[in-house]
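Here are the chains, one letter per residue:
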Amino acid sequence: MIALLLRDLRLAVRAGGGFGLGLAFFLIVVVLVPFGVGPDTAVLSRIAPGNLWVASLLAALLSLDRIFALDYEDGSLALLATSPLPLEGAAMMKALAHWITTGLPLTLAAPALGFLLSLAPEAYAYLLLSLLIGTPALSMIGTFGAALTVGLRRGGLLLSLLVLPLYVPTLIFGAEAVRRGADGLDPSGALMLMGGITAGCFALLPFATSAVLRVNLR
Amino acid sequence: MIALLLRDLRLAVRAGGGFGLGLAFFLIVVVLVPFGVGPDTAVLSRIAPGNLWVASLLAALLSLDRIFALDYEDGSLALLATSPLPLEGAAMMKALAHWITTGLPLTLAAPALGFLLSLAPEAYAYLLLSLLIGTPALSMIGTFGAALTVGLRRGGLLLSLLVLPLYVPTLIFGAEAVRRGADGLDPSGALMLMGGITAGCFALLPFATSAVLRVNLR
Amino acid sequence: MWEYANPKRFMGWTRPVLPWTFGLAGLCLAVGLIWGFFFTPDDFRQGSTVKIIYLHVPAALMAINAWIMMLVASLIWVVRRHHVTALAARAAAPVGVVFTLIALFTGGIWGQPMWGTYWAWDPRLTSFLILFLFYLGYIALWEAIEDPDTAADLTSVLCMVGSVFAILSRYAVLFWNQGLHQGASLSLDKEENVADVFWFPLLVCIVGFVLLFIALVLMRTRTEIRARRIRALEARARRA
Amino acid sequence: MLTVTDLTCERGGLPVLTGVSFDVAAGQALILRGPNGIGKTTLLRTLAGLQPAVAGHVTYPEDESAYASHADGIKTALSVTENLRFWADVYGADLPRDILETFDLADLAERLGGTLSAGQKRRLGLARLGVIGRKVLFLDEPTVSLDGFSVKLFAKWLQDTHLARGGVAVIATHIDLGLAAPELDLTPFKSDVDAGGGTDEAFL
Amino acid sequence: MLTVTDLTCERGGLPVLTGVSFDVAAGQALILRGPNGIGKTTLLRTLAGLQPAVAGHVTYPEDESAYASHADGIKTALSVTENLRFWADVYGADLPRDILETFDLADLAERLGGTLSAGQKRRLGLARLGVIGRKVLFLDEPTVSLDGFSVKLFAKWLQDTHLARGGVAVIATHIDLGLAAPELDLTPFKSDVDAGGGTDEAFL
Amino acid sequence: MPDLGQYAVEVLAAYGVSILLLSAIIAISWRRYVRVRAALEAVEKNG
Ligand code: HEM
Ligand SMILES: Nc1ncnc2c1ncn2[C@@H]1O[C@H](COP(=O)(O)OP(=O)(O)OP(=O)(O)O)[C@@H](O)[C@H]1O
Ligand SMILES: Nc1ncnc2c1ncn2[C@@H]1O[C@H](COP(=O)(O)OP(=O)(O)OP(=O)(O)O)[C@@H](O)[C@H]1O
Ligand SMILES: [Mg+2]
Ligand SMILES: [Mg+2]
């Protein structure tokens, strides 16, 4: 299982800076918002928590379709499914690799970008914490969506359509935690609920993912 | 050339509602923003023009990597390049097909979504107009970006990274036009500049695209 | 009981049932809507807008129930692999979408006189928007997959996972915004029930919507079975 | 070691092959023959457990099978050695020391998968079979794109290493591998147009 | 009709083949032979104009060539007929009436590309060559995955239709096509380790 | 026609659109029902 994780990470690095790209996309989306919304600092700071969370969600989304697509096309997925590796474990490793290449760098970079959007100073700690707790759930849910659409050409867009509604609870709790932090309220409720979602996702979704993969390989 | 356009459109329709999906993604991004930003109508209405433009940009972006990737992988792109069809024409047709499947439906649906974000009533006409003028440029620029990254696995993210900065002028003028419309100012300057960008893109980018494709096929 | 889910048996027993269901649905809807629209008084506070309730509440109820029916059908498909249940779930989704749209639209229109806005990010309204998105994704997945059994399997899993997340979203949305929307007051035992003048025609309308849903799902399931049979026959003919 | 009794497999909702039965003893190979589209790939995928059988039984020792498809599962961004080591790790095996020589890949050890020619890629795909050390192999046209010399190399490995160690192989191919193995022509097993079974059956 | 003089082609920055020269007269085919990795694919891509030659000349009538690669360019969501009609439209040609029979695709005419077996796909890829009506064909292992019968079908089309009409074909293959055509073994043209040319030269 | 007062537009729009949507789904379902039935009959006759 570790072999799969290492291979995926190595491939991400080899294929032209897999690590940097999610991050760069995050940066660009965050930077685009002022162009669209206008340069008013009060408005920007007001919408900063939501903005950062939506941007990280989109950054996570963008690389989802590659989680299984390449392995499916070159035949490795069928070979993996007939290998001694349990497919549930493979699904979990895939999600983990996705998180390490997108969720983690994005979390670490978010405070710097909060700065660009004049996020309230009190909120930085909660921004970091909420992303740290929430992004693994995004990766796991996304892996499930990627497994659903793996056989389909043009799956990218359908994948987003399926996954985005599933992201809603995580997004709400995440942004709410940061917003509460910025307003000086207690965000621990939201954080705890989000932790529950993440734990639940990792407990259940690997099974759904592997079931769906088996169907798609049939 | 028409054959290529028709084939691409047919493929988009066959592959599970190619038309609807860009639209659905647009809808979802627009809907997610309030979850991130909070339900306050005043804030939402304030950021609505930028929001709608950023969302349409992201919806256009998401389907870009499929413009050439499938044809590249199954070998049709090499066959097309050695066919009597001029590659510039093929590039233009690809952009056109992309616009018809994403830009156009998105433009038509934008007013309905403006509604959800309580966009100022005066701005609807300009929203429609600016998207109608601007989205073809998004498709053409995106096609160029897709040609740049066609040989690369995991091109999707790199593609976004390359294309998003190129989208900035279109975004600025588009959102500005809508914002001015909402504030009751005259948006014709921004609209005209955007028209210039679109015309320029269609005049020059097909050549750049075909040059880049030839290099990638080598 | 399960044998009625065999495609041939299903086609057999639904043929006579279908026109009756449609007829009854039409009757209930006509009675309920005409009663409600023409023969009920205006509310002292809401004026004539109470009349929207005869469309809004049944549509909202059925929008949720259609999804629940799809969930049950998906579970049956996964456990017992009866083709008809999978096809019935597929047939129900567009009907559910229409009910969702009606609930959203009538609610929005009602919002203008009551809350002064067509759309507010109220939890109930927002949950419905999310439900709408789930319907869209579910239908898109069905449409995107070539092989019908694969499609049935994948959409079933999506429906089950989606249901869990839909419930989570409901709680999340409540957490996010307290909202303007009215609480449930249709319960039969509560004191502060809607006045009887509104309640009886509403009940007839609800029955009408339920029957209409059943009729539409039966009809569309019959269509799906026939389409699937065409597919199977053509595949066999090509093989020959 | 491998017993197949009265197997029916389907593709696209309809049965493709009906009543396939055969036995392969340890140390034996079986060559599947039949024209394009008869159902060789379908049969191999069913044997490998990638798709369920409509009827019949397949028995072989558990956790001892491996499947090689038309596609090789080679990662273009990993080198030849890295590709092989990955599969060795997944199967918890060691990389046999002479595996690169056996499949004439020694010169290419550090080359990236993406820079191999069609036949070199295929040799790498076959080398995976030597790495994972499974006893029951299901091979779908393993020699596509190989030149005559490489075909012999592969046949030799199969005969002298895999089968000699008591392995078993079922191989679909259109060419002559030069193996002394029984052949099974699938044409007689082609399903009748109105044979029962298959997921479409309920609708016919 | 096709003249190649002193051609050098490169792959991955280094020359692979040096000094390849041959002539193919109208109505003639040439079979390229050589072990895996010698450079057959590279040579064919250079001839087809997909990559530039390092040195030497290739001449053939303009707008008369077509290339068929390892991949077939088949759209899985289009039917067999739609796939062929698309290429006919691109080349401004009509769909020959008997093309489906020629390649034994008549039964599959309405099937989607994605539901074909490996060999059926390949036959569809070859049928494209019959549709576009080009005179100079560069074919890279055209018979991969084909059964014996289909190989004969293809050889017959090539001999009786394409070559008989004055066409030309250069074919890389590892098997015996049963064509009466001269063969060219590429082994002698393999580039020296320190042969000049190639984009890396400036750094050597 | 009952007197709908100041909210006539809203109430009528709600009824109009709802009935339109219901008719649409019924019409679409019915049209497909008829078409698929005819197609199946054609296939069964030929097969
Ligand atoms: C787009 C917006 C709306 C949506 C999606 C929506 C959704 C729903 C749902 C799901 C129900 C039934 C659930 C239950 O009975 O607990 C319901 C009932 C109801 N809605 Fe709405 N609603 C919307 C807007 C409105 C508006 C603006 C009003 C008017 C003020 C309104 C008034 C009512 C009433 C009176 C009921 C019946 C409550 C009861 O007695 O149970 N709704 N709505
Ligand atoms: N998705 C599908 N739907 C319907 N029929 C299919 C589908 N996939 C394959 N088939 C058909 O099933 C039959 C068996 O295909 P299979 O791939 O097993 O053949 P094969 O013996 O491996 O052929 P080849 O030698 O060409 O690889 C073929 O006739 C093929 O056309
Ligand atoms: N991107 C690359 N970088 C470096 N070397 C490469 C690259 N691609 C191919 N090669 C090498 O170039 C040589 C020629 O490859 P080519 O694909 O032309 O061989 P081929 O004769 O077609 O072989 P086959 O019969 O296996 O298809 C091979 O040795 C191959 O390893
Ligand atoms: Mg096969
Ligand atoms: Mg080659």
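Look above for the structure.
Heads up: these notes are all about the structure in this document.

Conventions and cut-offs
- Residues numbered from 1 in each chain as written.
- Chains lettered and ligands numbered in written order.
- Predicted model: local features only at pLDDT ≥ 70, side-chain atom pairs only at ≥ 80, totals over all residues.
- Heavy atoms only, no water.
- Helix = DSSP H or I, 4+ residues; strand = E, 2+ residues; numbered from the N terminus.
- Buried < 20%, exposed > 50% of the residue type's maximum accessible area, 1.4 Å probe, protein only.
- Areas by Shrake-Rupley, 256 points an atom, 1.4 Å probe, with all protein chains shown as cover.
- Least-squares fit on C-alpha atoms with pLDDT ≥ 70 in both.
- Contact = heavy atoms within 4.5 Å.
- Near = heavy atom within 4 Å.
- Polar contact = N/O pair within 3.5 Å; in protein donor to acceptor, adjacent residues only side chain to side chain.
- Core = buried A, V, L, I, M, F, W, Y, C linked by side-chain atoms within 4.5 Å.
- Patch = residues over 30% accessible without salt bridge, like charges linked within 9 Å, V, L, I, M, F, W, Y side chains within 5 Å.
- Salt bridge = Lys/Arg side-chain N within 4 Å of Asp/Glu carboxyl O.
- Pairing = 2+ DSSP bridges.
- Axes fitted to C-alpha atoms, helices over the stretch in contact; angles between N-to-C directions.

Let's talk about the overall build of chain F
Argument step 1. A count of helices and strands for chain F gives one helix and zero strands.
Argument step 2. By the burial criterion, 32% of the 47 residues in chain F qualify as buried.
Argument step 3. Of the roughly 3000 Å² of accessible surface on chain F, a fraction of 63% belongs to carbon and sulfur atoms.

Here we look at the relation of the copies chain B and chain A
Look at the two chain copies: a rotation about an axis and a shift along it is all it takes to match them.
Argument step 1. Expressed as a screw transformation, the operator carrying chain B onto chain A has a rotation angle of 180° and an axial translation of 0.1 Å, and the superposed copies differ by an RMSD of 0.1 Å. What the rotation and shift describe, once combined, is the action of a two-fold rotation axis.
Argument step 2. Same-surface contact between copies: 98% of interface residues of chain B are shared with the interface of chain A.

Thoughts on the site of ligand 3
Argument step 1. Around ligand 3 sit 18 residues, and of these Arg-111, Ser-117 and Gly-119 of chain D together with Thr-41 and Thr-42 of chain E come closest.
Argument step 2. More than one chain reaches ligand 3: its neighbouring residues belong to chains D and E.
Argument step 3. In this structure, an oxygen atom belonging to ligand 3 sits 2.6 Å away from a main-chain N or O atom of Gly-119 of chain D.
Argument step 4. Breaking the shell around ligand 3 down by element, the ones donating at least two residues are helix H4 (118-132) of chain D together with helix H1 (40-47) of chain E.

Describing unusual backbone geometry
Argument step 1. At Ser-118 of chain B, a position not held by glycine, the phi torsion is positive, near 45°.
Argument step 2. Relative to the helices and strands, Ser-118 of chain B resides in the loop between helix H6 (87-116) and helix H7 (124-148).
Argument step 3. Using a relative accessible area of 24% as the deciding quantity, one classes Ser-118 of chain B as partly exposed.
Argument step 4. With phi around 45°, Glu-141 of chain E is a residue other than glycine that occupies positive phi space.
Argument step 5. Among the residues examined, Glu-141 of chain E registers a relative accessible area of 6% and is labelled buried.

Examining the nonpolar core
Across soluble globular proteins, you tend to see nonpolar side chains buried next to one another.
Argument step 1. Phe-25 and Phe-35 of chain B are the most contacted members of the largest nonpolar core, which totals 385 residues.
Argument step 2. The element best represented in this core is helix H8 (residues 155-182) of chain A, accounting for 16 residues.
Argument step 3. Counting five residues, the second-largest nonpolar core is a separate cluster that includes Ile-230 and Leu-233 of chain C together with Val-36 and Val-43 of chain F.

Notes on a nonpolar patch on the surface
Residue and element names in this part refer to chain C.
Argument step 1. On the surface, a nonpolar cluster with roughly 840 Å² of combined accessible area is contributed by Leu-24, Leu-27, Val-31, Ile-34, Trp-35, Phe-38, Phe-39, Phe-200 and Leu-203.
Argument step 2. Considering each element in turn, the nonpolar patch owes the most residues, seven residues, to helix H1 (residues 7-39).
Argument step 3. Looking at the element boundaries, Leu-203 is found in helix H6 (residues 196-239).

A look at the sheet that holds strand S7 (residues 168-172) of chain E
Where strands meet in a sheet, backbone hydrogen bonds hold them as pairs that are either parallel or antiparallel.
All names here are of chain E.
Argument step 1. Overall, parallel pairing links the five strands, which are arranged S5-S6-S7-S3-S8 in an open sheet. Of all strands in the sheet, those bounded by a partner on one side alone are strand S5 (65-68) and strand S8 (183-185). Geometrically, the sheet is characterised by an average inter-axis angle of 15° between neighbouring strands, direction not taken into account.
Argument step 2. With four bridges connecting them, S5 and strand S6 (residues 136-140) associate as parallel partners. Residue Ser-65 lies in a different strand from S6, and its bridge partner there is Val-136.
Argument step 3. Relative to S7, helix H5 (residues 148-163) is tilted by about 155°, and along the sheet it contacts strand S3 (29-33), S6 and S7.

Such coordinate-based values are descriptive only and should not be taken to indicate function.
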